[in-house]
Every structure is written in C-alpha cells, then in structure tokens.
Amino acid sequence: MTTATGTDALRALALSAGRDLEEASASEILSWAAETFGGRFCVTSSMEDAVVAHLASRALPGIDVVFLDTGYHFPETIGTRDAVQAVMDVNVITLTPRLSVAEQDAEYGPRLHDRDPDLCCAMRKVAPLDAGLEGYDAWVTGLRRDESPTRAGTPVVAFDEKRGKVKISPIARWTQEDVEQYVAEHGVLTNPLLMDGYGSVGCAPCTRRLLAGEDTRAGRWSGRGKTECGIHT
Ligand code: SF4
C-alpha cells in the first residue's frame, strides 16, 4: 500500500495512474485502488444501481459505500440502499445534510429546488460529501463518458483538486450496454425505477422519466438549465 498521502504525492499518483490505467478494465482499476489505498478509499453511490459497489467489493471486501441521503429521494432509492447493505459485502455509510428538509424550508422557504437548485444541491449534496470524504485519500464514482456530453471527457483516474483526493471512475469507458450486461451476469441490484422509464435516478423533485431518444441524464433537472449537482464540477 502506498504511503503517499500528501496532496502533491496524491496528485502525481493520480496523473500517472490516469495515463497507465486508461486501457485497464474496471476490475484492474479497482484492484490498483485497493492495493494503493487499502481502507483509505470509498465508493460513492446514488443507488441507481450497485454495479460499482459490486466491482469494488470484489477488489476490497467490506469497502465503504457512501450514500448521500438528501431527504428528497424516492422510496425505491432508499430501498435499494437497504438491499445493498443487506446482501453485499460492503459497509454502507449514509451522509445527511446539516438541515432537514423541514429546517431548510423554514430557513430558505419551501421548494428551494425549484427556485435555486444549485444552492439546494450545494447544501444537500456537495457539503455533506465534502465532509464525508475527509477521512479518505481517494473516492470512486460511477461516472461514464457515454452518459452525457458533460461527462464525455471523464478520466479513469484524476486528481480532484477541490477536495485534494484521487478520483477514480473505473467504468468511465463503459457503455450503457456494458452496465446492463454486468448487471445481468452478476445479478447486481438495480433501482426499480430504471425499469419504470427513468434513465438516471436522483432526487424526486428534480427527476423525471425519459422521453424517447433522450440521453440517460436528460430527466435530471429537466428544463432548469442544470445538468450536474456540483459534486463533479
Ligand atoms: S437534486 Fe434537487 S432536491 Fe436534490 S439536492 Fe439537488 S436541487 Fe435539491
């Protein structure tokens, strides 16, 4: 396991790994992460599916899987989280915002997600994640290049300058078909909403079903001129 935990060392490590692992399989990338970081890396999951958590648990059984409970999730998403914890060899960690939805409504007015979704995401997603990642050197995402134009340049390993961590996206090169094949082959848990017309699953007030021919993320913040929550920007 590496002893490189300083910011400069992690940045150098991320840059070289990003080059060396570009053509590596998702399993190889996660094995590298397990060997390099041991328990100092985690997976983040929106509980849309458990593909990356499944891959990571094979590389490091018992790995931490971080889930952001914004207070606005569909019941199916919470159910998926509970099922993942029950049946997979992972340690699910649920992060919550500083304010409950009721407290946020009292302080900022109801339905902040309609009026200022960037502020809502900053408080309910970005801030809890930033705090939750403090104890790790690296984090794993499920970002894929084919999800949307804004994700087309996702590196498999990069340095997350904002948080000072190595950011690993082991399925960046996968297609939607690759995901579906992995789910079928390994019987991986998926959010039931994916079978109900949703292409990507986020908070209920900001997620709608897809229309024919749309990108998988087109149902997120539809009509609000927003495509990302701020975690990955
Ligand atoms: S996705 Fe919508 S409800 Fe969820 S935190 Fe962002 S703005 Fe708020």
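Predicted model, so just to flag it, every value in this text is computed and none were measured.

Draft legend 1. Spatial organisation of the site of the ligand. Taken together, Tyr72, His113, Pro117, Cys120, Cys121, Arg124, Lys125, Cys203, Cys206 and Trp221 make up the full set of residues near the ligand. A majority-of-atoms criterion places the ligand in the largest cavity. For the shell around the ligand, the element with the most residues is helix H7 (residues 117-132), which contributes five residues. Of the residues belonging to the shell around the ligand, the class tally is seven nonpolar, one polar and two charged.

Draft legend 2. Examining the packing of aromatic side chains more closely. Counting across every chain of the model gives three aromatic pairs. Summarising the aromatic geometry, the rings of Phe74 and Tyr198 are spaced 5.5 Å apart at their centres and angled 65° between planes, so their arrangement reads as edge-to-face. Of this pair, Phe74 sits in the loop between strand E2 (63-68) and helix H4 (75-87) while Tyr198 is found in the segment after helix H8 (176-186), placing the two residues 124 residues apart along the sequence. When the ring of Trp174 is compared with that of Tyr182, the centres are 5.6 Å apart and the planes differ by 50°; the resulting orientation is tilted. Note that Arg220 overlies the ring of Trp221, its terminal NZ or CZ placed 4.9 Å from the centroid.

Draft legend 3. View of the layout of surface pockets. The computed volume of the largest pocket comes to approximately 900 Å³. Along the wall of the largest pocket there are 45 residues; nearest its centre are Ser46, Glu48, Asp49, Gly142 and Glu147. Among the elements of the structure, strand E1 (41-44), helix H3 (51-59), E2, H7 and H8 are those that each provide at least two residues to the lining of the largest pocket. If you tally residues by element for the lining of the largest pocket, the top one is H8, at four residues. Classifying every residue of the lining of the largest pocket gives 21 nonpolar, 14 polar and 10 charged. Here the second largest pocket is characterised by a volume of approximately 270 Å³. Residue lining of the second largest pocket: 17 residues in total, with Leu143, Pro155, Lys167, His232 and Thr233 positioned closest to the centre. A per-element tally of the lining of the second largest pocket places strand E5 (residues 157-160) first, with three residues. Classifying every residue of the lining of the second largest pocket gives five nonpolar, six polar and six charged.

Basis of the calculations
- Residues numbered from 1 in each chain as written.
- Predicted model: local features only at pLDDT ≥ 70, side-chain atom pairs only at ≥ 80, totals over all residues.
- Heavy atoms only, no water.
- Near = heavy atom within 4 Å.
- 1 Å grid on protein atoms, 1.4 Å probe; cavity = no way out; pocket = protein on both sides within 12 Å on 5 of 7 lines; lining within 4 Å.
- Sits in = over half its atoms within 2 Å of the grid points.
- Helix = DSSP H or I, 4+ residues; strand = E, 2+ residues; numbered from the N terminus.
- Nonpolar A, V, L, I, M, F, W, Y, C, P; charged D, E, K, R; others polar.
- Phe/Tyr/Trp six-rings, centres within 6.5 Å; stacked < 30°, edge-to-face > 60°.
- Lys NZ or Arg CZ within 6 Å of the ring centre and 35° of its normal.
- Points joined across faces, edges and corners; volume = space filled by probe spheres on them.

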